[in-house]
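Chain and residue survey
Chain residues, written in single-letter form:
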Amino acid sequence: MNNVRTETKKVPNWITFLLAIACGVIVANLYYAQPLVGPISADTHLPLASAGLIVTLTQIGYVFGLLFIVPLSDLIENRRLVVSALAVVICALVAAPLANNALFFLAAAMFIGLGSVAAQILVPYAAHLATEERRGQVVGNVMSGLLLGIMLARPIASFITDLWGWRAVFTLSAATTAILAVLLALVLPERKPSPTMNYGELLSSLWSLFKTKAVLRRRSLYQACLFGAFSLFWTVIPLWLASDFHLSQQGIALFALAGVAGAIAAPIAGRLADKGWTKILTGVAIVIAALSFLLTHIFEDHSTISLAMLVVAAITLDMAVSGNLVLSQRAIYSLGSEIRGRVNGIFMAVFFIGGAIGSALGGWAYAYGSWMFASILGLSMPVAALLYYFTEKNN
């Protein structure tokens, strides 16, 4: 079977590196709009209280893709599926800068999310290429690229907007994604699954997997809480930095750039997961996420020290989310290669629902209670994860 051959064959390291870059470039499309909520809302006439929808609609599109496109990776050839999904992204990225009203932009944002699930076809694809003893390391390395894409997207978008306006961000990304799609089509090895069910049966099995696989269910809910807090933080922080600290788009970009340091947690977590440290590190990640929100309230005088504490909080929150993400994927990928695409789709869908809720709540909370109200909601999410973590039995 082709999928067996791909798993046992030694794959060059440069392909793993390419997959890491590809995941970063693709997933960045989900986050370019996050620091641009202000200028996009102004140009498309979207009210501030609804500004979180710019991020939320992208994440909702992503969830639909995770539930209805990613499971296809257990059914049809993976390289073709990735390139097809990227075609959707490219069309939506071309449409976004043409928007002159909120509805048009939000529709484009949803399709950007829908097609960006190509990244979540590539992550389990990388796991298929790795041997069992190196799977955590390989997934961690690929996830480092993906997480760098998430974290670099915000400063890149802010820098480009400062120079040429927010519409240039999506135009340049469309061109970059098109080049990537051609490269992946030319160089990736084929991976043809050997399906035992049709598409309808595949979709029907998703709920059964979530219900019966306790590891999948638990890891999904942990990450949903952490990613909800992460999305709330990065939806609200650009607004707060602009209004209370009077930072320009360039200043916001530099702030977001600091958060990139959090990506170092991914490969470290992957290696430690291979050594059996998953449970204790999960608890550490959840606690760090909660403490990150508390850090922002140590100094509240809008001074340089207060801004420095915000930078530290951004780094530690990103470390917590990225580290726990790799720990979770290492755990769910061990459930079996024949269901890997589906469990990845379920896992990502659940935690991106958490992210969509966090973004929507963040925009609403900030409009009515500024950072104080928003941060209380953000803190409540890792606290909920911690309470659930205490119910986990020792394995």
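Attention here is on the structure that accompanies the text. What you are looking at is a predicted structure, and each value in this text was computed from that prediction instead of being measured. (Residues numbered from 1 in each chain as written. Predicted model: local features only at pLDDT ≥ 70, side-chain atom pairs only at ≥ 80, totals over all residues. Heavy atoms only, no water.)

Re the pattern of salt bridges
Working definition: two side chains of opposite charge can pair if their charged atoms are close together. On inspection of all chains with the given rule, the structure shows four salt bridges. With its nearest N and O atoms 3.2 Å apart, the salt bridge here joins R342 to D74. Taken as a pair, R342 in helix α16 (residues 340-389) and D74 in the loop between α4 (53-68) and α5 (78-95) lie far apart in primary sequence, 268 residues in all. Accessibility assignment for this pair places R342 and D74 in one class, buried. Notably, a salt bridge pairs K192 with E190, separated by 3.7 Å at the nearest N-O pair. E190 sits in the partly exposed class, given a relative accessible area of 34%. Among the charged side chains, a salt-bridge network with shared partners connects R79, E190 and K192. (Salt bridge = Lys/Arg side-chain N within 4 Å of Asp/Glu carboxyl O. Helix = DSSP H or I, 4+ residues; strand = E, 2+ residues; numbered from the N terminus. Buried < 20%, exposed > 50% of the residue type's maximum accessible area, 1.4 Å probe, protein only.)

Description of the nonpolar core
Membership of the largest hydrophobic core comes to 131 residues, with the highest contact counts inside it found for F170 and F352. Examining the composition of this core, we find that 16 residues originate from one element, α16, more than from any other. In this view, F170 contacts A33, I40, L93, A96, P97, F105 and I112; residues no more than four positions away in its chain are not counted. (Core = buried A, V, L, I, M, F, W, Y, C linked by side-chain atoms within 4.5 Å. Contact = heavy atoms within 4.5 Å.)

Examining a nonpolar patch on the surface
On the surface, a cluster of nonpolar side chains totalling about 370 Å² of accessible area is made up of W277, I280, V284 and I288. On the secondary structure map, I280 appears in helix α14 (residues 278-295). (Patch = residues over 30% accessible without salt bridge, like charges linked within 9 Å, V, L, I, M, F, W, Y side chains within 5 Å. Areas by Shrake-Rupley, 256 points an atom, 1.4 Å probe, with all protein chains shown as cover.)

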